[in-house]
Amino acid sequence: MLSAPHWPPRSQPCPPAIAANTIAPGAVAQPAKVPCFDTFATRAADNNPSQISAAAYNRARSILAVAGSQTAAKSHPVHGTTSVPVRYGTTLLACLRDGFRRDDRNWPGKVSGMSSYHYTAIHDAARTMGITRW
C-alpha cells in the first residue's frame, strides 16, 4: 500500500505556527477585538431612548433568534434589572445587520443588502426596543 509522503520530512521539525497577532519587535501590543461587541460607542441618534426595558430587549432578541441569528440565540437574556442602556440594543442590531448582510450576500432580490425576511425581523426588533437608528 502506498502512502502519501509526509511533509515536512520526519527528520525535520515542523515549522512554528505563526500567530495572527504576532507582534514585531518594539511594537506595542493591541488588545484583540471581538467583532460587533468591541466598542461602547454607537451611532445612535439623539431620538433613541437612553434606556430600554429588559423585557423589550429580550423580546427583540427572541425575534432575531427566530429569524436565524446565532448571535442573538447565544446572547444572554437580560434579567435582574428593569432596564438596560440603549447601546445594548444598538450594538446587537448593528452586529446582526452586518451578519445578515454577510450571510445574504448572494441572495436574489435583497432589501438594504439582506433578504426581506431578515430586513423585516431586524426592523421589528428595533421597533420593539424603540430604537430608530443603529
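Above: the structure in question.
To start, this report covers the structure provided alongside it. (Residues numbered from 1 in each chain as written. Predicted model: local features only at pLDDT ≥ 70, side-chain atom pairs only at ≥ 80, totals over all residues. Heavy atoms only, no water.)

Overview of the nonpolar core
Counting 23 residues, the largest nonpolar core has L64, L93 and I122 as its most contacted members. For this core, the secondary structure elements donating two or more residues are α1 (54-66), α3 (86-103) and α4 (116-129). For this core, the element with the most residues is α3, which contributes 6 residues. Residues within four places of L64 in sequence aside, it is in contact with S69, A72, L92, L93, L96, F100, A121, I122 and A125. (Core = buried A, V, L, I, M, F, W, Y, C linked by side-chain atoms within 4.5 Å. Buried < 20%, exposed > 50% of the residue type's maximum accessible area, 1.4 Å probe, protein only. Helix = DSSP H or I, 4+ residues; strand = E, 2+ residues; numbered from the N terminus. Contact = heavy atoms within 4.5 Å.)

Notes on the packing of α3 against α4
With their axes 11 Å apart at the nearest point, α3 and α4 run at an angle of 175 degrees to one another. For the element pair α3 / α4, the angle class is roughly antiparallel. Contacts from G89, L93, L96, R97 and F100 of α3 reach α4 at H118, I122, A125, A126 and M129. (Axes fitted to C-alpha atoms, helices over the stretch in contact; angles between N-to-C directions. Parallel < 35°, antiparallel > 145°, perpendicular 65-115°, else oblique.)

Comments concerning the side chain of H118
Along the chain, H118 falls in helix α4. Non-local contacts of H118, meaning those with residues more than four positions away in its chain, are made with A67, F100 and D104.

A word on the packing of aromatic side chains
Within this structure, the stated rule accounts for 1 aromatic pair. With a centroid separation of 6.4 Å and an interplanar angle of 75 degrees, the aromatic rings of Y57 and Y88 are classed as edge-to-face. One end of the pair, Y57, is in helix α1; the other, Y88, is in helix α3, with 31 residues separating them in the sequence. Under the relative-accessibility criterion, Y57 is labelled buried at 7%. (Phe/Tyr/Trp six-rings, centres within 6.5 Å; stacked < 30°, edge-to-face > 60°.)

Here we look at the side chain of T90
Summarising the element assignment, T90 is placed in helix α3. Within polar-contact distance, the side chain of T90 engages the backbone oxygen of R87 at 3.3 Å. (Polar contact = N/O pair within 3.5 Å; in protein donor to acceptor, adjacent residues only side chain to side chain.)

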